Amino acid sequence: MATYHKPETKVLQELRDIANKLRIASVNATDASKSGIIMTIDFQELRDIANKLRILSIESTNASKSGHPTSCASMAEIISVLFFHTMRYKVSAPKDPANDRFVLSKGHAAPILYAAWAEAGLFPTSDLLNLRKIDSDLEGHPTPRLNFIDVATGSLGQGLSVGAGMAIVGKRIDKAPYRTYVLIGDGESAEGSIWEALHFAGHNKLDNLVAIFDINRLGQSEATSLQHQVEVYRKRLEAFGFNALVVDGHDVEELVKAFHEASETKDRPTAIIAKTYKGRGFPGIEDQENWHGKPLGTESEAVITTIRNLIKNNGPTALIPSKPVEEAPVANISDIKLASPPNYKLGDSIATRLAYGTALQKLAAANDRVVAFDADTKNSTFSDKVLKTLPNQFVECYIAEQNMVGVAIGAACRDRTVAFVSTFAAFFTRAFDQLRMGAISQTNINCVGSHAGISIGEDGPSQMALEDLSLFRSIPGSTVFYPADAVSAERAVELAANTKGLTFIRTSRPNTAVIYENDAVFQVGKAHVVRQSPKDQVLLIGAGVTLYEALKAADQLAASGVQARVLDPFTIKPLDSATIIENAKAVGGRIVTVEDHYPEGGLGEAVASAVALEKNVIVKRLAVQEIPRSGPPTVLLAKFGIDADAVVRAVQEILQL
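How each quantity is defined
Positions within a chain are numbered from 1, following the residues in the order the chain's sequence is written. Local features in a predicted model are, by the rule used here, given only for residues with pLDDT of at least 70; side-chain atom pairs are given and counted only at 80 or more, and totals for whole chains, interfaces and linings are based on all residues. As a rule here, side-chain values cover all heavy atoms of the structure and leave hydrogens and water aside. Counting from the N terminus, the helices are DSSP H or I runs at least four residues long and the strands are E runs at least two residues long. When we talk radius of gyration, it's over C-alpha atoms, and the globule rule is simply 2.2 Å times the number of residues to the 0.38. Here the Shrake-Rupley method, with its probe set to 1.4 Å, supplies the accessible areas, and only the displayed protein chains count as covering residues. Residues counted as positive are Lys and Arg, residues counted as negative are Asp and Glu, and His and the chain ends are not counted. In this description, the location of a charge corresponds to atom NZ of lysine, CZ of arginine, CG of aspartate or CD of glutamate. Along the chain, pLDDT gives the predictor's confidence residue by residue, from 0 to 100. Contact definition: two residues touch when any of their heavy atoms are within 4.5 Å. UniProt positions are given in the numbering used here, feature names are shortened, and annotations may be inferred rather than shown by experiment. Here a strand pair is declared whenever DSSP counts at least two bridges between the two strands. Only the stretch in contact is used when fitting a helix axis, every axis being a line fitted to C-alpha atoms; angles between N-to-C directions are given from 0 to 180 degrees. The buried label applies to any residue whose accessible area, calculated with a 1.4 Å probe on protein chains only, is under 20% of its type's maximum; exposed applies above 50%, and partly exposed to all values in between. Under this definition, polar contacts are N or O atom pairs within 3.5 Å; protein pairs additionally need one hydrogen-donor-capable and one acceptor-capable atom, and for neighbouring residues in sequence, both atoms have to be side-chain atoms. An angle below 35 degrees is treated as roughly parallel, one above 145 as roughly antiparallel, one from 65 to 115 as roughly perpendicular, and anything else as oblique. Note on convention: the crossing is left-handed when the near helix lies turned anticlockwise from the far helix by less than a right angle, right-handed when the turn is clockwise. The definition of a right-handed crossover adopted here requires that, viewed with the strands pointing away, the path from the first strand over the helix to the second runs clockwise. Salt bridge criterion: a side-chain nitrogen from Lys or Arg within 4 Å of a carboxyl oxygen from Asp or Glu. As defined here, a cavity is a set of points on a 1 Å grid over the protein atoms alone where a 1.4 Å probe fits but cannot get out. A pocket is an open set with protein on both sides within 12 Å along at least five of seven lines, and residues line them when an atom is within 4 Å of a point. Grid points are joined across faces, edges and corners, and a volume is the space filled by probe spheres set on the points. Classification convention: Asp, Glu, Lys, Arg as charged; Ala, Val, Leu, Ile, Met, Phe, Trp, Tyr, Cys, Pro as nonpolar; all other residues, Gly among them, as polar. Take the buried Ala, Val, Leu, Ile, Met, Phe, Trp, Tyr and Cys residues and link them wherever side-chain atoms come within 4.5 Å; each set so joined is a nonpolar core.

In the nomenclature of an unreviewed UniProt entry, the chain is known as transketolase of Allacma fusca.

Written out as structure tokens, the structure is:
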């Protein structure tokens, strides 16, 4: 990760104080006739900075021979006003928890964001010429490899959800005055996730959130659907509960006043609808199609000359970012423990989804930074146990899973919360892009999916998660838990809270017997052998409900004189390959896996990969091979070949090989 650092000095702080006085004077002036020279100097400097940022964006994209300078140009004044007038942050500590937050949802405009930080003094502007180079963290779209970036953006439509997550933490958890600003492209505003986030922010009255829409009219391949119909945007945003302000996005005075009004607005978020032009200030290119994602090349010299002639102060930037007015509270999210250990009796019949709710409530009671997010399934996932006892640590996201995941990613930024995100496991599929981007963002959220597999029964295939293990296993750096009983489920929740990266806990709807002692020790990547004998001839591996089918099959096989060893993997990723290989060899190299999941990407493939280079080890895999249907769970397990009888048949076949 690149770490840029700017040391503070007494002289810089004095300059900062002077700049703050100038800002206050300019905002308090209600019109140009009252502003005099103070407003002229302040605003002209902001105009100059905007044009300097344009030039830097042109130069950096030319150096890389790729990038989006025209998309940068439309937002230059917005960035200038935000970074050099409105936002309060420490340049020397970009991720200080007290800082205002900024999310560039239109991530392809990264060059101007990098330029703003360089112009603020975080690193030399000459570094911008390394844009998109293999040895530079100034990538084509922002990622947290840079210490001034909170989340990766570039897959459009996600930034506002992340910003809403940051804002709700500031308002409800931190109770701190920092504000969150999200810059959104008009093209990406066609994404449904933007409107999910708008509803969430309006419903929660996030008056510390400002959504800035860069209405530059042009998309990638053609004009946007609404083009410059800013009144349509305004009416829509007002309908979502926003204080919607239409401004000339190239007028720094209008922008200063709009951001000031946003800071004074209470009980509702603000949307600034900035009418802008793509390629602003680029002669022959401004507001023209077919310039998206193209460096200016041979056109750049003339464009830069034109822009440079508009700059009055060609020296160092006179405006210095303001520091936060108040520190954020200290947040300790390390070594989180259950408030009390599991308390079950062997043989008790408890659904792992219920044990998840119990464990989550215990974690939340032990640490006020544990926050539960749910999508109107809380009485099925049992995350409502947190709502009932610690309502301030529960966030209802309603049926908007994409936004829920994005909000949780935002809430987890800067280590402010430990976020647990719950819904039916099947519904995480619609948020896969948010999860994928979460991995790129180095997020630490915990996803918990209940109602997994055909064992949910009569609800039918639309509710049956049969792809979820594959989905979460494919995410780089993820950890995938699949607890079988209540004890292991509680420990999975505790472990997830302390595991870096994105985690997934798969919980089941049916009740399952408690098979572990309350003091059993669980670790990420460590399997448990739950049945064995010296004469075992085959290794059965099941997870969740199918672990019990494997145990039943072992009983049936024993009655016919065949001994079977049974293994509970606990985590599917990382898989305990060493224990699996050791036990497979101990039983003659024969393995049968059984899973309540499609064969692609699930438990069976994980086991097969683990033993792929082992000689004389074979794996027979049982999984759901077709789209299932409604029916009683036991009937479904039998019909689709993953019950105890199916395991017995598979063992008989593998013994004959």
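Right, let's talk about the overall build of the chain for a bit. Along its length, the chain carries 22 helices and 19 strands. Scaling as 2.2 N^0.38, a compact globule of 657 residues should have a C-alpha radius of gyration of about 26 Å, and the chain matches this with 28 Å. Taking the principal axes of its C-alpha atoms as reference, the chain extends roughly 95 × 50 × 45 Å. Roughly 24500 Å² of accessible area belongs to the chain as shown, and the carbon and sulfur atoms make up 50% of that amount. Taken as two groups, the 68 positive and 75 negative side-chain charges of the chain have centres that lie 1 Å from each other.

This next bit is on the confidence of the model for the chain. Across the chain, pLDDT averages 94, with 94% of residues at or above 70. Every residue in residues 6-41 is under pLDDT 50, and counting partners more than four places away or in other chains gives 45 contacts.

The subject of this paragraph is the UniProt feature "domain: Transketolase-like pyrimidine-binding" (unreviewed entry) in the chain. UniProt tags residues 350-514 as "domain: Transketolase-like pyrimidine-binding" (unreviewed entry). Across residues 350-514, the secondary structure splits into 39% helix and 19% strand, with the terminal C-alpha atoms separated by 7 Å.

What follows deals with the sheet that holds strand β4 (residues 243-248). Taken together, five strands build an open sheet; the order of strands is β1-β2-β3-β5-β4 and the sheet is parallel. Unpaired on one side and paired on the other, β1 (101-104) and β4 mark the two borders of the sheet. On average, adjacent strands in this sheet sit at an angle of 20° to one another, irrespective of strand direction. By the bridge criterion, four bridges tie β1 to strand β2 (residues 180-185) in an arrangement that is parallel. By the bridge assignment, L104 is partnered in β2 with L183. Along the sheet face, helix α9 (residues 252-264) touches β2, β3 (209-215), β4 and β5 (270-275) and points at about 170° away from the line of β4.

Once that is clear, we can look at the side chain of T571. Tracing the chain through its elements places T571 in strand β17 (residues 571-573). T571 sits in the buried class, given a relative accessible area of 0%. A polar side-chain atom of T571 sits 2.7 Å from the main-chain carbonyl oxygen of P574. Those residues in contact with T571, other than ones at most four positions away along the chain, are V480, F481, V524, G525 and K526.

This next bit is on the packing of helix α18 (residues 545-559) against helix α22 (residues 644-655). One can describe the packing of α18 onto α22 by two numbers: an axis separation of 8 Å at closest approach and a directional angle of 55°. With respect to each other, α18 and α22 are oriented oblique. Taken as a pair, α18 and α22 cross one another with a handedness that is right-handed. Together, E549, K552, A553, Q556 and L557 of α18 and A644, D645, V647, V648 and V651 of α22 make up the contact between the two elements.

Our focus in this paragraph is the pairing of β4. Pairing geometry for β4 and β5, over six bridges, is parallel. Opposite D248, over in β5, you have K275 as the bridge partner. This β-α-β element, β4 to α9 to β5, shows right-handed connectivity.

Let us look at the pairing of strand β7 (residues 370-374). β7 sits mainly inside the fold: five of its five residues count as buried. The alternating pattern of β7 places V370, A372 and D374 on one face and V371 and F373 on the opposite face, and all of these are buried. In the sheet, β7 pairs with strand β9 (residues 418-424) via five bridges, with the strands oriented parallel. For A372, the partnering residue across the bridge sits in β9 and is F420.

The next subject is the pattern of salt bridges. Tallying each qualifying case throughout the model produces 30 salt bridges. Among the ionic pairs, R234 bridges to E231, the shortest N-O distance being 2.6 Å. Of this pair, R234 and E231 both sit in helix α8 (residues 230-239), three residues apart, which is roughly one turn of that helix. In this structure E231 comes out as partly exposed when scored by relative accessible area, which is 37%. For R509, the salt bridge identified is with D459, shortest N-O distance 3.2 Å. Remark: D459 occurs in the loop between β10 (446-450) and α16 (468-473) and R509 occurs in the loop between β12 (503-506) and β13 (511-513); sequence separation between them is 50 residues. With relative accessibility at 41%, the residue D459 sits in the partly exposed group. Each of the salt bridges in this network shares a partner with another, and the network as a whole consists of K90, D96 and E327.

This brings us to empty space enclosed by the protein. Applying the stated criterion to the full structure yields five cavities of 30 Å³ or more. Its boundaries defined by the atoms lining it, the largest cavity holds a volume of some 160 Å³. If you trace the largest cavity, you find 19 residues lining it, with F102, V103, F148, I149 and D150 closest to the centre. Elements supplying a minimum of two residues to the lining of the largest cavity: β1 and α5 (110-120). Of the residues belonging to the lining of the largest cavity, the class tally is 13 nonpolar, two polar and four charged.

This paragraph deals with the sheet that holds strand β8 (residues 394-396). A sheet is described by the order of its strands in space; here seven strands give the open sequence β8-β7-β9-β10-β12-β11-β17, paired in mixed fashion. Among the strands making up the open sheet, the edge pair consists of β8 and β17. Within the sheet, the average angular offset between the axes of one strand and its neighbour, ignoring direction, is 20°. Inspection of the sheet shows β7 paired to β8 by three bridges, in the parallel sense.

L160, F213, F373, L435, I445, F472 and I591 are the most contacted members of the largest nonpolar core, which has 87 residues in total. L435 has contacts with V405, F428, I445, C447, L471, F472, I475 and L502, leaving out every residue within four places of it along the chain. Among the nonpolar cores identified, the runner-up in size contains 53 residues, and V81, Y114, A115 and A116 belong to it.

A cis amide bond links K573 with the next residue in sequence, P574, at an omega value of -5°. Relative to the helices and strands, P574 resides in the loop between β17 and α19 (577-586). Even without glycine at this site, D335 takes up a positive phi of about 50°. Inspection of the secondary structure assignment puts D335 in the loop between α10 (300-308) and β6 (349-351). The phi torsion at F570 lies on the positive side, around 65°, for a residue other than glycine. Relative to the elements of secondary structure, F570 occurs in the loop between β16 (564-568) and β17. Assessed through its relative accessible area of 0%, F570 is described here as buried.

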